[in-house]
Amino acid sequence: MTDLFSVDGKTVLVTGGSRGIGRMIAEGFVRAGARVIISSRRAEACTAVAEELSALGRCEAIPADLSTDAGAEGLAAAVRERVDRLDVLVNNAGATWGAPLEAYPESAFDKLWAVNVKAVFRLTTALLPALRAAASADDPARVITIGSVDGIRVPLMEVYAYSATKAAVHMLTRTLAHQLAGERITVNAIAPGPFESRMMAFALDDPGSRAAIEAQVPLGRIGRPEDMAGTAIFLASRAGAYLTGAVIPVDGGMTTHG
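Residues numbered from 1 in each chain as written. Predicted model: local features only at pLDDT ≥ 70, side-chain atom pairs only at ≥ 80, totals over all residues. Heavy atoms only, no water.

What is the right way to look at empty space enclosed by the protein in this model?
It is a probe the size of a water molecule, rolled over the atoms, that shows where empty space is left. For the structure on display, the rule yields one cavity of 30 Å³ or more. When its volume is computed, the largest cavity comes out at roughly 40 Å³. Forming the boundary of the largest cavity are T15, L66, N91, N92, A93, V115, A119, V120 and L123. Considering each element in turn, the lining of the largest cavity owes the most residues, four residues, to helix α4 (residues 106-126). Class assignment of the residues belonging to the lining of the largest cavity gives a composition of six nonpolar, three polar and no charged. (1 Å grid on protein atoms, 1.4 Å probe; cavity = no way out; pocket = protein on both sides within 12 Å on 5 of 7 lines; lining within 4 Å. Points joined across faces, edges and corners; volume = space filled by probe spheres on them. Helix = DSSP H or I, 4+ residues; strand = E, 2+ residues; numbered from the N terminus. Nonpolar A, V, L, I, M, F, W, Y, C, P; charged D, E, K, R; others polar.)

Next up, the structure:
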């Protein structure tokens, strides 16, 4: 059973890996024995977190701004310079934007489309040679995208571009899974509910708002780092090798009631 869930020795890239859900996933892989590369837009923070995680195992940093095609292509090139093969790509980097309906800016759609959807597609395609090099029939290469329950259910807050782009991430996951299955590359999405992150800080830092959010979760609590890391490790291990094209809500049951 230990081997069934092992990711020891695998090489993993986690975008947006310096904070929030990305860091939860990156730390989980580091602790599980993987070689982890984290990327984020802020170079100092990215390097500092990589140094901190290196005390637990193997972690290194490649800062990159994925809001542009050049940034995605540059990150892919830097990864290919360091490794011959990539076992796991975690497309986590993302952005959100909240505003009232009639004040919601068009620029929000432009920004979030570039970061939440286009960067996932561009980085995945740019890293296909490294993923193909790691892929086999018994142990496929893995792509894990981070969507959201807000891409499944109507969100509680006015985040129109965010929910639309996360729904797009889920469909992109399915289409990539279908396209790449023959190459022994699986593609699955995790759709998180409420977790401690910068995106959720405005709501979770307020006791009243936090209590209201917890009341919406059937399991009655905010997600913990091990909840997110455990799901990602499952998808990357032998235990998840036969799963592709899935969108897995890690939300304490929020999507069970629409």
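Quick question: what am I supposed to make of the packing of α4 against helix α6 (residues 160-180) here?
When two helices pack together, their arrangement is given by the angle between their axes and by how far apart the axes lie. At a minimum axis separation of 9 Å, α4 and α6 run at an interaxial angle of 15 degrees. The pairing of α4 with α6 is recorded here as roughly parallel in orientation. Classified by chirality, the crossing of α6 by α4 is right-handed. On α6, the residues that touch A108, F109, L112, W113, N116, V117, V120, F121 and T124 of α4 are Y160, A161, Y162, T165, K166, A168, V169, L172 and L176. Counted by class, the contact of α4 with α6 contains 14 nonpolar, three polar and one charged residues. (Axes fitted to C-alpha atoms, helices over the stretch in contact; angles between N-to-C directions. Parallel < 35°, antiparallel > 145°, perpendicular 65-115°, else oblique. Left-handed = near helix turned anticlockwise from the far one by under 90°. Contact = heavy atoms within 4.5 Å.)

How should I be thinking about the layout of surface pockets in this particular structure?
If you add up the space inside the largest pocket, you get close to 1200 Å³. Looking at the largest pocket, it is lined by 50 residues, and the ones nearest its centre are R19, G94, A95, T96 and M199. For the lining of the largest pocket, the element with the most residues is helix α7 (residues 198-204), which contributes four residues. Across the lining of the largest pocket, the residue classes tally to 24 nonpolar, 17 polar and nine charged.

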